[in-house]
Amino acid sequence: MTKSFGAVRALKGVSFDLHAGEVHALLGENGAGKSTLIKVITGAHQPDGGSIKINGESVSQLTPASAHKLGIACIYQQPALFPDLTVAENIGLRLESASVFRKVNWAIRQQRAAELLKRIGAEISPDAEVRSLSMPEQQLVEIACALGAGARIVIMDEPTASLTQKEQHLLFAVVKDLRASGVGVIYISHRLEEIFALADRVTVLRDGESVGTNKVGEMNESSLIKLMVGREVSAIYPPSESAAGNVVLSLKNLGCAAGGVENISLDVRAGEIVGMAGLVGAGRTELARVIFGITPADSGEILLNGQRITISTPKEAVAHGIAYVPEDRRRHGVILEMPIAHNMTMAIHDRVFPGTWLRFGAERQLALDFTHDLGVKAYGPDAPGGSLSGGNQQKVSLARWLATKPKLLILDEPTQGVDVGAKSEIHKIIRRLAKEGLAVLMISSDLPEVLGMSDRIAVMRGGTITAMLLAKTDAHEVMAAALGKQN
Amino acid sequence: MKRHFRELSVAAALLVVLLGLAIVAPAFFQPQPLLSLLTREAPTLVVACGMALVIISRQIDISVGSQFAVCSVCGGLLAAKGWPLPLVFLSSVLFGAIMGAVNGWLVAGLRLPSIVVTLATMVTWREALRWQRQGEFVNLPDGLQWVGLSQIAGQWTLILAALALLVLLALATKHLSAGRFVYAVGTDAEAARLAGIRPQLTIFFVFVFMGALVGLAAMMNVVQSPQVDPKSGSGLELKVIAAAVVGGVAVSGGRGKLWGVFVGLLLLACISPALTHLHIEAYWEKAIQGAIILLAVVADGLRTRKQRN
């Protein structure tokens, strides 16, 4: 199976098989290609190459509808139910024929819903509105739907991410029941202990390639982690040249209930790059949003250059000299319709334009300077942000924040979806900024990047920092901390 | 050139209509009726400028017609009490700004959808006025009409005032940070917020400004007649939204230019007199206006789809 998005090859010839009556775990770092593989199997993406066989029959042109007919069901982390309808209505919508003017048999609908829920041991009333159910209850409803549709292949994408211990046990029992009834389950999870408790076989993906399918019994945690990271950090990263100076940012027991982060203590020094590793959902972006005042902290302290400050809006964060280059640059980093010059001055209007009127000359000059300085490839300051490539958009987003002359720069996935050339240019820029005395906090899911760029590495898991590692660490140690295992 | 393509094409359409009239019905270009037409449209232009800003910030205000009526009547009553003209103008602007602030607070402060909020305030102001005045006209004192000038001088004053305001606002949206922020918020409020702009505050002030402009426009209309009609301004919201849309303001926010709105308004306004001169029955006016609006929206839709692909 192969699949590319633009220049990015998400799947490079992955082979995967699933037997009836087995739980097959899928494991890999962020961006290893798990989601893409799942989307190909459920028909959400069309593969560029490769073939799919179900019960020995070749399937071409899989669409979400035909995948459904073939008995493929997927249960996502966030259940896709209609919150204002009842459980029975939701199940009915999935299972009943979709003709517009058929008569709804409410009694049968009710009865079937009750039966399905009973089969998986869920104590949920078919009349309950989905809105009133907890997340795990909604997942159980999803499983009931899958069961009712006679699914032969059930895909579970991190089903336990939001479950309590007790709910997990219930879910495991349901999964084991499914297996016993001959359903093939593809189980995706970052929690190694679940994989050992539940799975029969495990396939590890890395950089869009399958690095091996093994019986779970033959593996241990250490060997799995080795498979997941298993590559050398190449020497392409520019070496650290800066000596760390004074502490710029200091977080003390910082927490934010709404953002799901707690008890964060961290120092970032001038001239230092602190990498933030962790898996998706570990709370790294959430922490950045707390520091930047998007979801303000409700406990703990933020000290900037030794002074205690409170930040309740992004505007205040900017005023304090904090800059945040957000993760999703197309949505939040660059306004695509606006010229790059406008984008670059967006955060510093009161500084470049102290008088009444905007000074287009100054704006243009600033844009030209940054374009030159960061090597932005665009036809000029008037080029709309949307006309640039991903890497160049990222540079524009970076320029906007460097223009604020920050003391602390928070980068969230600075090279995500950026081609190799631009990536190494961005790395050089980050290095140079650190050398010039900027304190940099870099969130990245790209493990080699974290290892190659950081002076120190903070690893987050479950909304808090679980390990502080030095630059000399290796991928194995970082991944072990991110997965919650200390070797 | 490319950046003004949308506005220029509307201008071209207007030019074609005017040229056609020059050939077929040169009587259209008699100075006095034309002057009257422009005078009638001067207040509409002021409101349309405000509406353009509201739509650029990805909001809508359909209560402007009701605000217009309230400001007209209140201003008229103050004038009838003998208040001096500048003070009457100022009070009307203030009334408008207060009503705009109510909309702005509900939309930006409570984050309610502006279409529903302004629908509610539209009905509320209009009905409150009906209940209070029972449809009674306000008689204005002598000397108020045409701001105390002769009719021709008064007409020119209003037209030039509206044009001056248009130029001023067009410059302001381009050359002031506030203008840039309106565009940024309308394009992507979350991105603007992450850049340290306060989207809700921006939207609040856009509504306040809208109200203030309505107050000014109401007075520009009041001084054109000896009485104030409490039903004035009905249908105004549709007229100005139409002018904005035809003039190239994107309903999805973030795009549009005030001079385009001016051209759009002229195009829509000259249809009625053109029909008279072409001896076509007047009830075609709405149909033709509707067709023009539809054309503008379809053209925009096709253009964005092309850009997306």
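Residues take numbers from 1 onward in each chain, read along the sequence in its written order. Chain A is the first chain written and ligand 1 is the first ligand written, with later ones labelled in order. Note on the predicted model: pLDDT of at least 70 is required for a residue's local features to be given, and 80 or more for side-chain atom pairs to be given and counted; whole-chain, interface and lining totals, by contrast, use all residues.

*Asks:* Sorry, what's going on with the sheet that holds strand 8 (residues 184-188) of chain A here?
*Replies:* Adjacent strands of a sheet form backbone hydrogen bonds with each other and so pair up, either parallel or antiparallel. Residues and elements named next belong to chain A. With mixed pairing, six strands are arranged side by side in an open sheet as 6-7-8-3-9-10. Strands at the two margins of the open sheet, each flanked by one partner only, are strand 6 (72-75) and strand 10 (209-215). Each adjacent strand pair in this sheet contributes to an overall mean axis angle of 20 degrees, direction not counted. The rule for pairing is simple: two strands pair if DSSP sees at least two bridges between them. Numbering of helices and strands runs from the N terminus; a helix is a DSSP stretch of H or I covering at least four residues, while a strand is a stretch of E covering at least two. Pairing between strand 3 (residues 23-28) and strand 8: four bridges, direction parallel. Among the inter-strand pairings, Ala-25 is bridged to a residue of strand 8, identified as Tyr-187. Lying over the sheet, helix 1 (residues 34-41) contacts strand 3, strand 6, strand 7 (153-157), strand 8 and strand 9 (201-206), oriented at roughly 150 degrees with respect to strand 7. A pair of residues counts as a contact when their C-beta atoms, built from backbone coordinates, are within 7 Å of each other. Simply put, an axis is a line fit to the C-alpha atoms, just over the touching stretch for a helix, and the angle between two N-to-C directions goes from 0 to 180 degrees. On top of the sheet, helix 8 (residues 221-229) reaches strand 3, strand 9 and strand 10; it is set at about 30 degrees to strand 9, its chief contact.

*Asks:* Can you walk me through the sheet that holds strand 14 (residues 299-304) of chain A in this structure?
*Replies:* Residues and elements named next belong to chain A. The sheet built from four strands is open, its strands ordered 12-11-14-15 with antiparallel pairing. What marks the edges here is a single partner per strand, and that holds for strand 12 (261-269) and strand 15 (307-309). Within this sheet the neighbouring strands show an average axis-to-axis angle of 20 degrees, counted without direction. Of the pairings in the sheet, the one linking strand 11 (residues 247-256) to strand 12 comprises six bridges and is antiparallel in character. Each residue of the ladder has a partner; that of Leu-249, found in strand 12, is Val-268. Running over the sheet, helix 9 (residues 284-291) touches strand 11, strand 12 and strand 14 and is turned about 75 degrees from strand 12.

*Asks:* Is there a simple way to explain the confidence of the model for chain B in this structure?
*Replies:* Caution is warranted with low-pLDDT regions, since their predicted coordinates should not be read in detail. With 98% of its residues at a pLDDT of 70 or more, chain B has an overall mean of 91. With a pTM of 0.79, the predicted complex shows an ipTM of 0.81. The score called pLDDT rates the predictor's confidence residue by residue, from a low of 0 to a high of 100.

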